[in-house]
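Listed below, chain by chain, are the residues.
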Amino acid sequence: MPSDGYFRNLWRSFQKKPPEIPEQSPTPKLNFIPGAEPREKLDPWWWLVVAVVVLLVLLMALKPDPYWDIFLFVRDGLAITVELTVISFVFIIIVGLIGGLGRIAKNPVIHFIASLYVEIIRGIPLLVQLIWWYYAAPALIKEIGEAIHWDFMANYVANPMVLAVVGLVVCYGAYMAEIFRAGIQSIPKGQMEASRSLGMSYLQSMIHVVLPQAVRVVLPPVGNEFIMLLKDTSLVSVVAVADLTRRGREFMSAHFNPLTVWTLIALLYLVLTLVAARFISWLETRRKY
Amino acid sequence: MAKPIIHIENIHKHFGRIHALRGVSLDVKVGEVVVILGPSGSGKSTLLRCINHLEVYDSGTIEVDGILLKTAQNINTVRREVGMVFQSFNLFAHLTALQNLTLAQRKVRKRSKAEAEKIAMDLLKKVGITEKADAYPAQLSGGQQQRVAIARALAMNPKIMLFDEPTSALDPEMIKEVLDVMLALAKEGMTMVVVSHEMGFARAAASRAIFMDEGQIVEEGKPDKLFTKPTQERTKLFLSKVLQI
């Protein structure tokens, strides 16, 4: 398994610039892969982030009633949205990695289970899945608990946050598994063969040779999934999680001012996704080979 | 006579309906340099890849350094004794030349970082590219990459080195720098099995040359004899095509 600073090195590989190689006079300079040159200048799309933030600040400062009041009301929902996204995403990466490895496994049983998972989950809308986890799963757990006379299960009380995370992870994990599978398969077979020929095990070769290279390939689609997840967390508002969207609905039903509430909520989501997008594109430029 | 370090007996290999190896037997003694040549699709690369189990063969036996491959519980114990050099170099693209040499030393041989780096630098010096130790593969020429790949295999202190068309993907002016490294290795007494059409190398270094065609060994002998006085028609035909240029 990974040891002595594996993740630290992986992280560094996004931060370091390519080392300066002393020229050998007769050989022509070998350039990096076209398009992979590290970019030094600031990502130009930061202006949009700044513009949206300035707009938000102006709205709240110039018209504190209602904008500042709405913000104060929904800010705990904002925190829940961020929390839900980040926690789910960590588990999604883990599930996606396991699922992706399962999809390329030579063992037919593992391959079948992983493929079945992906095929089933991709065919059901996320909203339906979230509702199933919140309403159907607890009922199922209770029935099983009563059948086997296990009080712990029979008295199960649904925890909306936990079930929302489960629903998001199960659904997004299937998409992530496909991304990881494609990423791993995009690394030339010779890399694995060279690693195995040196006596490294399949797992060691995956961890130290294939996956670090696949990370670079999957970064753009994984970043994309993160932003989609951030937006899709708004669906949990129907299963009793007090996220940004649900808090917005609560404020609106008390004051009935849809225009101001939903404009502010939309801008808050926009700031989150724009910042996430800039972070991802910054990651993409920090690669050293 | 000492026991051969590689003992191959009557192996067969199918790729779907293609019968790639049809009963190949071959013994290689310690310190021998065996060059295998033959037309494309003759099974020479497949044979080489069977020796370190990158290809699983259907029947027959292969014994490497006294370990029977089919029954070897841990194939990695055989692989760490057998270095392999590929046609397409296969350097780890995300690691520097130096890190390419140290990774397996640390993970498989369990050497310390300092020890692995010292061995790596000595080997990079041997193949003549110390100044590129911190370069990534994409920053190296083909010849340099292949020399790093040879050094990477040597870093594991293998008893046997396998070369799978090591110069076929190289520009002509870079072939010599790789062959020079291989020649030096042969002179040091390394046991080598080389799939290659480099007649010059075969003449200078090989103790035996083997001609393969259609999954079988057609003819074998001293390189000079095989190249100048082949006895089999198929060998003559192949050599006439290769040598006429």
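Notes on the structure in this doc start here. Numbers given to residues run from 1 along each chain, matching the order in which its sequence is written. Written order decides the labels, with chains lettered from A and ligands numbered from 1. Reporting of local features is limited, given that this is a predicted model, to residues whose pLDDT is at least 70; pairs of side-chain atoms are given and counted only at 80 or more, and all residues count toward the totals for whole chains, interfaces and linings. Side-chain metrics rest on all non-hydrogen atoms present in the structure, leaving aside hydrogens and water.

### Looking at the environment of Y156(A)
Residue and element names in this part refer to chain A. Summarising the element assignment, Y156 is placed in the loop between helix 6 (151–154) and helix 7 (160–185). Note on classification: 1.4 Å probe, protein chains only; a residue is buried when its accessible area is under 20% of the maximum for its type, exposed when over 50%, partly exposed between these limits. Note on Y156: relative accessible area 22%, which makes it partly exposed. Sequence separation of Y156 and T273 is 117 residues, and the distance between their C-alpha atoms is 36 Å. The contact criterion used throughout is that any non-hydrogen atoms of two residues lie within 4.5 Å. Not counting residues up to four positions away in its chain, the partners in contact with Y156 are P138, I141, K142 and L163. In this description a helix means any DSSP run of H or I spanning at least four residues, a strand means any run of E spanning at least two, and both kinds are numbered starting from the N terminus.

### Observations concerning the pairing of strand 9 (residues 208–213) of chain B
All names here are of chain B. The element strand 9 is largely enclosed, with a buried count of 6 among its 6 residues. Neither face of strand 9 is open: one carries R208, I210 and M212, the other A209, F211 and D213, and all of them are buried. In this description, strands pair whenever DSSP reports at least two bridges between them. Across 4 bridges, the pairing between strand 3 (residues 33–37) and strand 9 is parallel. In the sheet register, V35 faces strand 9, and the bridge partner there is A209. As judged from the 5 bridges shared by strand 9 and strand 10 (residues 216–221), these two strands associate in the antiparallel manner. Note on strand 10: the bridge partner recorded for A209 is G221. Joining the antiparallel neighbours strand 9 and strand 10 is a turn of 2 residues, in which E214 adopts a positive phi near 50°.

### Side note on the layout of surface pockets
One simple way to see leftover space: roll a probe sized like a water molecule over the atoms. Residue and element names in this part refer to chain A. Space inside the largest pocket adds up to approximately 1,100 Å³. When contributions to the lining of the largest pocket are tallied by element, the ones reaching two or more residues are helix 1 (6–12), helix 3 (64–103), helix 9 (202–232) and helix 11 (258–285). A total of 11 residues in the lining of the largest pocket trace back to one element, the largest contributor, which is helix 9. Classifying every residue of the lining of the largest pocket by side-chain character gives 30 nonpolar, 1 polar and no charged. Here a cavity denotes grid points, spaced 1 Å and computed from the protein atoms alone, that fit a 1.4 Å probe unable to get out, and a pocket denotes an open set having protein on both sides within 12 Å along at least 5 of 7 lines; residues with an atom within 4 Å of a point are the lining. Grid points are joined across faces, edges and corners, and a volume is the space filled by probe spheres set on the points. Note on residue classes: Ala, Val, Leu, Ile, Met, Phe, Trp, Tyr, Cys and Pro are nonpolar, Asp, Glu, Lys and Arg are charged, and everything else, Gly too, is polar.

### Quick notes on the side chain of R79(B)
If you trace the backbone, R79(B) turns up in helix 2 (residues 75–79). Residues counted as positive are Lys and Arg, residues counted as negative are Asp and Glu, and His and the chain ends are not counted. Within this document, salt bridges are pairs made up of a side-chain nitrogen of Lys or Arg and a carboxyl oxygen of Asp or Glu, the two lying within 4 Å of each other. The side chain of R79(B) is buried and forms no salt bridge, while E193(A), the nearest opposite charge, is found at 8.8 Å. Beyond its immediate chain neighbours, meaning those up to four positions away, R79(B) contacts R196(A), S197(A), G199(A), N52(B), H53(B) and L54(B).

### Observations regarding the packing of helix 3 (residues 97–107) of chain B against helix 4 (residues 113–126) of chain B
Residues and elements named next belong to chain B. Look at helix 3 against helix 4: their axes get within 9 Å of each other, and the N-to-C directions meet at 135°. Considering their axes alone, helix 3 and helix 4 lie oblique with respect to each other. Handedness of the crossing formed by helix 3 with helix 4: right-handed. Taking contact as the criterion, the partners of L98, L101, T102, Q105 and R106 in helix 3 are, on helix 4, K113, A116, E117, I119, A120, M121, L123 and L124. By residue class, the composition of the contact of helix 3 with helix 4 is 8 nonpolar, 2 polar and 3 charged. Each axis is a line fitted through C-alpha atoms, and for a helix only the stretch in contact is used; angles between axes span 0 to 180 degrees, taken between their N-to-C directions. Roughly parallel means an angle under 35 degrees; roughly antiparallel means over 145; roughly perpendicular covers 65 to 115; every other angle is labelled oblique. Crossing handedness is read from the near helix: turned anticlockwise from the far helix by less than a right angle, it gives a left-handed crossing, and turned clockwise, a right-handed one.

### Some details on the sheet that holds strand 6 (residues 82–85) of chain B
All names here are of chain B. Sheet architecture is open: 6 strands sit in the order 6-7-8-3-9-10, paired in mixed fashion. The strands lining the two open edges of the sheet, one partner per strand, are strand 6 and strand 10. Adjacent strand axes in the sheet meet at a mean angle of 20°, parallel and antiparallel pairs treated alike.

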